Amino acid sequence: MKIRGLAIVSLLVVLAACGSNQPMRMGADGKPVPAVYRITERDETKITFRMLDSVNALRQAAGVTPLKLNAELTAAAATHARDMSVQNRPWHFGSDGSSPIERAERAGYPGLVLGETISETFETELETLSAWMEQTDTRAIILDRRAVNLGFAWYQEENGKIWWTMLVGG
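Residues numbered from 1 in each chain as written. Predicted model: local features only at pLDDT ≥ 70, side-chain atom pairs only at ≥ 80, totals over all residues. Heavy atoms only, no water.

## Description of the packing of aromatic side chains
Then, number 1: What the rule picks out here adds up to four aromatic pairs.
Then, number 2: Aromatic ring contacts, followed pair by pair, group Phe152, Trp154 and Trp164 into a single cluster.
Then, number 3: Just above the ring of Trp91 sits the side chain of Arg89; from NZ or CZ to the centre is 3.7 Å. (Phe/Tyr/Trp six-rings, centres within 6.5 Å; stacked < 30°, edge-to-face > 60°. Lys NZ or Arg CZ within 6 Å of the ring centre and 35° of its normal.)

## Section: the side chain of Arg59
Then, number 1: You can see Arg59 is positioned in helix H2 (residues 44-61).
Then, number 2: Of the side chains bearing the opposite charge, Asp144 lies closest to the buried Arg59, which forms no salt bridge; the N-O distance is 6.4 Å.
Then, number 3: For Arg59, the side chain forms a polar contact with the main-chain oxygen of Ile142, separated by 2.8 Å.
Then, number 4: Those residues in contact with Arg59 that sit more than four places away from it in its chain are Val64, Thr65, Pro66, Leu67, Ile142, Leu143, Asp144 and Ala147. (Helix = DSSP H or I, 4+ residues; strand = E, 2+ residues; numbered from the N terminus. Buried < 20%, exposed > 50% of the residue type's maximum accessible area, 1.4 Å probe, protein only. Lys, Arg positive; Asp, Glu negative; His and termini not counted. Salt bridge = Lys/Arg side-chain N within 4 Å of Asp/Glu carboxyl O. Polar contact = N/O pair within 3.5 Å; in protein donor to acceptor, adjacent residues only side chain to side chain. Contact = heavy atoms within 4.5 Å.)

## Thoughts on the sheet that holds strand E4 (residues 162-169)
Note: strands within a sheet are paired through backbone hydrogen bonds, in either parallel or antiparallel orientation.
Then, number 1: Taken together, the four strands give an open sheet; going across it, the order is E1-E3-E4-E2, and neighbouring strands pair in mixed fashion. Lying at the two open borders of the sheet, with one neighbouring strand each, are strand E1 (68-69) and strand E2 (113-121).
Then, number 2: Of the strand pairs in this sheet, E1 and strand E3 (residues 149-156) are connected by two bridges, and their pairing is parallel. Each bridged residue has a counterpart across the sheet, and for Leu69 the counterpart in E3 is Leu150.
Then, number 3: Packed on one face of the sheet, helix H5 (residues 125-134) meets E2, E3 and E4 and runs near 120 degrees to E2. (Pairing = 2+ DSSP bridges. Axes fitted to C-alpha atoms, helices over the stretch in contact; angles between N-to-C directions.)

Shown next, in the form of structure tokens:
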């Protein structure tokens, strides 16, 4: 199952790269040169649903039920993504000391928060998901059998750095 899930994530990353309108620049070593991933207004909905679809494809490969996008968890994720940027560090505590559970409660989420995944990167959402799937703790959150809801958001700084936050709830 693990190989199948990783293969799906790899395929999704390749497909995301195919959708780019910019030519791929190659470095002297023959590898692609990293480029800043700029998120435009028209990309925002696509990114959210691409992440939801990708998470659900991974969950399906693992034999667990799909997640539904949840507005309250997404609001809590958006608040935290921006707050991590203000704090200039990726961690699970808000600048006011709040936890993921407290932020979800403030946003009106009535369920149980099962976990939060975060990232500070210049990478796409699918590259970030792939990195999360490579780590035991974040993979467990994404594939939690008790999960039914997903909240996903980000904040991009002027320099291109993106602060990703995903909340999973049951």
